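Residue strings, one per chain:
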Amino acid sequence: MSKFVSTLLAISLFGLSSQAEDVSEVSASMSELGAVKVIGSSEEELTQPNSAHFFGKEKLEQQQQTDVTRVLKQIPGVYVQEEDGFGLRPNIGLRGTHPHRSRKVVILEDGILIGPAPYSAPAAYYTPFMSKIESLEVFKGVASVPYGPNSIGGAINYITRSLPTQNRAEVEVAGGSFNTQKYRGNLGYVWDRGAIMFEGTHLKTDGFKKLDTGRNTGFDKNDILIKGEYRLPGDRQQSISWKLGYADEASDETYLGLTLDDFANSPFRRYAASENDLMKFEHQQAQVTYKTQMTSTWGLWSTIYRNNFHRDWDRFNNFRDTTIDVNKVLRNPTTGSNQLYYDVITGQADSSSVGAGADIVMANNDRFFYSQGLQLGSFSAHQAGEFMHQVSLGLRLHEDQIRRDHTENIFAMTNGRLVRTADPEKSTNKTQDRTQAVTVTASDEILWNAWKFTAAGRFESLNYESYNGLTGVTTDGSQSVFVPGVGTLYQFNENWSWLAGVNRGMSAVGPGQTQSNKAEESVNYETGVRYSNADREFFAEAIAFRADYKNIKDTCSFSSGCTGNALDQEFDGGKALIQGLEARFAQGFQYKNVYLPVSLNVTVTKAEFASDSQSTNPEWGVGAIHSGDPLPYVPQAQYSLSFGTQYRKYTQEVILSWTGKMYDQTVETDRSEIPAYGVVDWTAKYQYNKQGNFYARVDNIFDNDYLVSLRPFGARPGKARSLLVGIKHTF
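In this numbering scheme, every chain counts its residues from 1 along its sequence in written order. Given that this is a predicted model, residues contribute local features only at a pLDDT of at least 70 and side-chain atom pairs are listed and counted only at 80 or more, while totals for whole chains, interfaces and linings are drawn from all residues. Side-chain metrics in this entry use all non-hydrogen atoms of the structure; hydrogen atoms and water are not considered.

**Remarks on the overall build of the protein**
Scanning the protein from terminus to terminus reveals eight helices and 40 strands. Dimensions of the protein along its principal axes, counting C-alpha atoms only, are 80 × 60 × 50 Å. By residue count, 60% of the 731 residues in the protein fall in the buried class. Long-range pairs, those at least 24 residues apart, make up 68% of the contacts in the protein with a sequence separation of at least 6. For the area figures, the Shrake-Rupley method with a 1.4 Å probe applies, and any residue is considered shielded solely by the protein chains shown. For the protein, the accessible area works out to roughly 27,600 Å², and carbon and sulfur atoms hold 55% of it. Looking at charge distribution, the protein has the averaged site of its 71 positive side-chain charges lying 3 Å from that of its 83 negative ones. Helix and strand assignments follow DSSP, with helices taken as H or I runs no shorter than four residues and strands as E runs no shorter than two, numbered in order from the N terminus. Remark: exposure states derive from per-residue accessible area (1.4 Å probe, protein chains only) relative to the maximum for the residue type, with buried under 20%, exposed over 50%, and partly exposed in between. In this analysis, two residues are considered to be in contact whenever any of their non-hydrogen atoms come within 4.5 Å of each other. When charges are counted, Lys and Arg contribute as positive and Asp and Glu as negative, whereas His and the chain ends are disregarded. To locate a charge, take NZ of a lysine, CZ of an arginine, CG of an aspartate or CD of a glutamate.

Okay, here's the thing in structure tokens:
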């Protein structure tokens, strides 16, 4: 790993002076902008008139993480509600947005929407596999304006592994705790007009949770990536690139947690009622991109893409008697008849001894998604007197769909195991939502002396249709959305710079909604300063942010406690106010031939409702919401501290991530606090020669037991201490 802090400082000292380059120099790097990368690289990160963070290749290589949640916790303004401990389904929030299923964040892969149905069903059950990811970009403020549909807090761009520059083959093998096994192979071939790369990864584990019945609680994942590029002949610079991907997963995951007493005694326990819970999915993707540089100052690109996603989740849903609230049973397991139902869930009693109402309902949520479209982009640079303009234009024609086929089966708890009853399978949901979106974007970045100005806008025209297969009713609608934003950066000298920006946040009403008829709307502000001193190897940044919501929305999902008619429905919450501070500091120390990089990232957030209302949304809680009540699952404070050592062929890093307290719902009645917790991870790498290295990673070194969620049913833990060791060699 290179001297990260030194590199960061050297980059920051370029400042705006390096950006006042002539037009030809700007156009020379044009092919790397827009189609794949948003920020571009860490060189641009530090001179953006907005909060922008680039988590680069060397950092990811050092940490060897397969869990994106542990990466994102090292970035200011980002927080993650853990769910399964492995990052299979991360719940990501930015600047106070609700993290459940990352539905308030735009998720991109190589600059293209990657959610299964980002308009029709933004709750993302799919996230790119970290094994194929080379770097990450997180951007907020005006930089997120061009990326709909739900860029209220910002956007995250996963950048897949780059094409090779020479023929190569790479093999990686790793193993560790809980019978974890990882196998990855990469093969790249280069010729005079292009390159192609094949990569495949298999990752499996038996899991760290312990089912009462003795079954495994882990997962098996596979991921295949094929990328290529062909540079067309001719005087004009132009190329065609393509990407094909396939991924599947089988994970023994559940929504069923524990009582607080059971969590205190054995946090990794899994009750018998969840023994058959199994999520399976398949994901296929294909995209083709054409790029051309029309002139020395004007470039165009176009990408056509298609993503298919099918997920099938068998899981514990509730009791046959739906008046029994599973969450209340687990909150108060010894109160009244709750003890009887608790004994059934844990397998200590047969459901027949309680009555037919105590039988277990297993849901099968079978869902089919597609997302497809055409994305066009243009970048141009030109000088106008003392001003240099870098203009980006974009057009996206997009369509996505979700088709739900939900069923239920009844099981009896018998001698601690689930046994299928004679009840026929019941269909509970046959709906289909489809959205067509036309998105037009424009931005102009203006450089003038020590100033940088950015103006951006996004216009979207949406048409949606919803069909209910059980009732035969079809509904449709349309909506238009305009999202503007402006930002500025002023560089006082080679050390100090100041930034400020304001943008509108907007999320349209989705298809098939009956609870919500208002768009989500906010005005977002940010301002901050950056300081760098290369001589002292020090960098610091502090950015204050504020989001005034005219109307805050929430989509009710089962993962947060919603069932029945409320499931997948949007709710209006009225006014809300989110404000806070993001800060990061980096310092490099040199002691003889040992380099010691230290970095600290801090986020402080106050997220609360700003008006009184009556909530019927189970995710906020059912009852009265008062001004000043907290938004759920937004930590009040979060920080990460990392300390590294670089000595010859050996590098290591210790990372402390601390998450402040938060609440499981807004309504005060039955509101519970999720206590603050800290986790320490460690990574090390030994480069035995230029071709290969050994690495090791320990997550949760001190084996801290910590609570991450109380939704939808009971307490669920973070990951137990785990060790992974591996070898990576390039031929």
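**Brief notes about the packing of aromatic side chains**
Each pair of aromatic rings is reported with the distance of its centres and the angle of its planes. Within 6.5 Å between ring centres, the rings of Phe, Tyr and Trp (the latter by its six-membered ring) count as paired, and their orientation is classed by plane angle as stacked under 30 degrees, edge-to-face over 60, tilted in between. For the coordinates displayed, the defined rule picks out 26 aromatic pairs. Here Phe309 and Phe369 contribute two aromatic rings whose centre-to-centre distance is 5.6 Å and whose plane-to-plane angle is 50 degrees, an arrangement assigned as tilted. Highlighted residues: Phe309 in strand β16 (residues 298–319) and Phe369 in strand β17 (residues 360–384), separated in sequence by 60 residues. The same class applies to Phe309 and to Phe369, which are both buried. Between Trp451 and Tyr490, the aromatic rings sit 4.5 Å apart at their centres with planes inclined by 50 degrees, giving tilted as the arrangement. Pair noted here: Trp451 is in strand β21 (residues 451–468) and Tyr490 is in strand β22 (residues 473–491), with a separation of 39 residues, a long-range link.

**Quick look at the pairing of strand β12 (residues 219–231)**
Note that strand β10 (residues 194–205) and β12 share twelve bridges and pair antiparallel. Note that in β12 the partner of Ile196 across the bridge is Gly228. For two strands to be treated as a pair, DSSP must find at least two bridges joining them. Both β12 and strand β13 (residues 238–251) contribute to a ladder of 13 bridges, which runs antiparallel. Directly across from Asp223, in β13, lies its bridge partner Ala247. Hairpin geometry of β12 and β13 is characterised by an intervening segment of six residues between the two adjacent antiparallel strands and by a positive phi of about 125 degrees at Gly234.

**Regarding the pairing of strand β24 (residues 520–533)**
Here twelve bridges tie strand β23 (residues 496–507) to β24, and the two strands are oriented antiparallel to one another. What sits directly across from Met506, in β24, is Glu521. Where β24 lies against strand β25 (residues 538–551), 13 bridges are found, and the strand directions are antiparallel. What sits directly across from Ser532, in β25, is Phe539. Connecting the antiparallel pair β24 and β25 is a turn made up of four residues, with Glu537 showing a positive phi of about 50 degrees.

**Some words on the sheet that holds strand β6 (residues 133–139)**
Pairing within the open sheet is mixed, and its five strands lie in the order β1-β6-β7-β4-β5. Only two strands of the sheet have a single partner each, and these edge strands are β1 (52–55) and β5 (112–113). Bridging between strand β4 (residues 105–109) and β5 involves two bridges; their strand directions are antiparallel. In the strand pairing of β5, Glu109 is matched with Ile112.

**Points about the confidence of the model for the protein**
It should be kept in mind that the predicted coordinates are not to be read in detail where pLDDT is low. The predicted model of the protein averages 90 in pLDDT, with 92% of residues at 70 or higher. Each residue carries a pLDDT score, the predictor's confidence in it, ranging from 0 to 100. Note on residues 1–35: pLDDT is under 50 here. Beyond four places in sequence and across chains, it has 85 contacts.

**Quick look at the pattern of salt bridges**
We define a salt bridge as a side-chain nitrogen of Lys or Arg found within 4 Å of a carboxyl oxygen belonging to Asp or Glu. In this structure the tally under the stated criterion is 49 salt bridges. A salt bridge links Asp699 to Arg70, with the shortest nitrogen-to-oxygen separation between them at 3.7 Å. Here Asp699 is found in strand β37 (residues 692–699), whereas its partner Arg70 is found in helix α5 (residues 68–72), with 629 residues between them in sequence. By relative accessible area, which is 7% here, Arg70 ends up buried. Note that Arg396 is salt-bridged to Glu460, the shortest N-O span being 4.0 Å. Residue Arg396 is located in strand β18 (residues 387–414), and its partner Glu460 is located in strand β21; the two are separated by 64 residues in the primary sequence. Given the relative accessible area of 5%, Arg396 is considered buried. Ionic contacts of the salt-bridge type, sharing partners, join the residues Arg161, Arg168, Glu170, Glu172, Lys182, Arg184 and Glu199 into one network.

**Quick look at a nonpolar patch on the surface**
Residues forming no salt bridge and having over 30% relative accessible area are the ones grouped into patches, like charges within 9 Å of each other and nonpolar side chains (Val, Leu, Ile, Met, Phe, Trp, Tyr) within 5 Å. Among the surface-exposed residues, Ile240, Val288, Ile304, Leu374, Leu376, Leu397, Val438, Val440, Phe459 and Phe482 lie close enough to one another that they form a single nonpolar patch of about 770 Å² accessible area. For the nonpolar patch, the elements supplying multiple residues, two or more each, are β17 and β20 (426–448). Looking at the element boundaries, Ile240 is found in strand β13. The class of Ile240 is partly exposed, set by a relative accessible area of 31%.

**Points about unusual backbone geometry**
A cis amide bond links Gly148 to the next residue, Pro149, at an omega of 10 degrees. For Pro149, the position within the fold is in the loop between β6 and β7 (154–160). Here Arg711 and Pro712 are connected by a cis peptide whose omega angle stands at -5 degrees. Tracing the sequence through the fold places Pro712 in the loop between β38 (707–709) and β39 (716–717). The phi torsion at Ser102 lies on the positive side, around 55 degrees, for a residue other than glycine. For Ser102, the location among the structural elements is in the loop between β3 (91–94) and β4.

**Things to note about the nonpolar core**
As used in this record, nonpolar core signifies buried Ala, Val, Leu, Ile, Met, Phe, Trp, Tyr and Cys residues forming a set joined through side-chain atoms within 4.5 Å. Leu72, Met130, Leu136, Ile156 and Tyr158 are the most contacted members of the largest nonpolar core, which totals 31 residues. Those elements that place two or more of their residues in this core are α5, β2 (78–81), β3, β4, β6, β7, β15 (278–295) and β16. When neighbours within four sequence positions are excluded, Leu72 is seen to be in contact with Val78, Val80, Ile92, Leu136, Val138 and Ile156. Listed in part, the 29 residues of the second largest apolar core include Leu258, Phe263, Tyr271 and Ala272.

**Considering the side chain of Asn524**
For Asn524, the location among the structural elements is in strand β24. Among residues more than four places away in sequence, those in contact with Asn524 are Ile152, Gly501, Val502, Asn503, Arg504, Gly505, Arg546 and Ala547.

**Describing the environment of Gln287**
With respect to the helices and strands, Gln287 occurs in strand β15. On the accessibility criterion, Gln287 (11% relative accessible area) is buried. Sequence-wise, Gln287 and Thr322 are 35 residues apart; in three dimensions their C-alpha atoms are separated by 45 Å. With residues up to four places along the chain from it excluded, the contact list for Gln287 reads Ile112, Ser241, Trp242, Lys243, Thr303, Ile304 and Tyr305.

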